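Here is what each chain is made of, one letter per residue.
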Amino acid sequence: MFKPDKGEFINETTFITSTHAVKEMQVEVICEKQEFICASTDGLEKVAIRLSDWKPFSPFFKPLEEYLHETVNPKEDKYLTEFLNSERLNSRTDDDKTLLLCLFDRE
């Protein structure tokens, strides 16, 4: 997990098309197979990361992983949309919230 580059200004973004994108990019290669991967925008930072040690907050990620294991077709299910738009989540963040979830199927 990478600590976000807070930049000089709040909500500053380095776009992949910018001339200095490669210099700003953070990359880590993990050789072991990963079963579950989650990427998100910074709007979920406060609820997904334990800021004291910058580790993933398991109670946030575990239900998402379980959801992918249990759901036949997540594209047609409204769970994620309802979760991202829920009052409970919205009360803890005031920024955009986007998730990319991946479950590696070993079968």
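Keep in mind that what you see is a predicted model, and the values were worked out from it rather than measured.

Draft legend 1. Spatial organisation of the pattern of salt bridges. One pass over the full model with this rule turns up two salt bridges. Ionic pairing is found between Arg-50 and Asp-53, a salt bridge with its closest N-O pair at 2.5 Å. Assessed through its relative accessible area of 35%, Asp-53 is described here as partly exposed.

Draft legend 2. Region of interest: helix α3 (residues 58–70). Taking 1.5 Å of rise per residue, 13 residues should cover 18 Å, and α3 covers 18 Å from first to last C-alpha, within 8% of that figure. Residues Phe-60, Phe-61, Leu-64, Glu-65, Tyr-67 and Leu-68 constitute the buried set of α3. For α3, the arc enclosing every buried residue in end-on projection is 155°, short of the 170-degree limit, so these residues lie on one face. Summarising the geometry of α3, the exposed residues directed more than 90 degrees from the buried face are Pro-59 and Glu-70. Considering only its buried residues, α3 is in contact with β1 (36–40), α2 (45–48), β3 (55–56), α4 (79–84) and β4 (99–103).

Draft legend 3. Spotlight on the side chain of Glu-65. In this fold, Glu-65 is placed in helix α3. Excluding residues that lie within four positions of it along the chain, Glu-65 makes contacts with Glu-35 and Phe-36.

Draft legend 4. Region of interest: unusual backbone geometry. In this structure, Trp-54 takes a positive phi of about 60° despite not being glycine. Along the chain, Trp-54 turns up in the loop between β2 (49–50) and β3.

Draft legend 5. Looking closely at the packing of aromatic side chains. Here the structure, examined in full by the defined rule, presents four aromatic pairs. Centre to centre, the rings of Phe-60 and Phe-61 are 5.0 Å apart; their planes meet at 90°, and the pair counts as edge-to-face. The exposure classification of Phe-60 matches that of Phe-61, with both residues buried. Here the aromatic rings of Phe-60 and Phe-83 are separated by 5.9 Å at their centres, their planes lie at 50°, and the arrangement is tilted. Taken together, the residues span a long stretch of sequence, with Phe-60 in helix α3 and Phe-83 in helix α4 at a distance of 23 residues.

Draft legend 6. Layout of the environment of Asn-90. With respect to the helices and strands, the residue Asn-90 is situated in helix α5 (residues 87–90). The class of Asn-90 is partly exposed, set by a relative accessible area of 29%. Asn-90 sits 46 residues away from Leu-44 along the chain, and the two C-alpha atoms are 9.8 Å apart. The contacts of Asn-90, once residues within four sequence positions are left out, are Leu-84, Asn-85 and Lys-97. Separated by 2.6 Å, the side chains of Asn-90 and Lys-97 make a polar contact.

What counts as what
- Residues numbered from 1 in each chain as written.
- Predicted model: local features only at pLDDT ≥ 70, side-chain atom pairs only at ≥ 80, totals over all residues.
- Heavy atoms only, no water.
- Salt bridge = Lys/Arg side-chain N within 4 Å of Asp/Glu carboxyl O.
- Buried < 20%, exposed > 50% of the residue type's maximum accessible area, 1.4 Å probe, protein only.
- Helix = DSSP H or I, 4+ residues; strand = E, 2+ residues; numbered from the N terminus.
- Expected span 1.5 Å × (residues − 1).
- Arc of directions from axis to C-beta.
- Contact = heavy atoms within 4.5 Å.
- Phe/Tyr/Trp six-rings, centres within 6.5 Å; stacked < 30°, edge-to-face > 60°.
- Polar contact = N/O pair within 3.5 Å; in protein donor to acceptor, adjacent residues only side chain to side chain.

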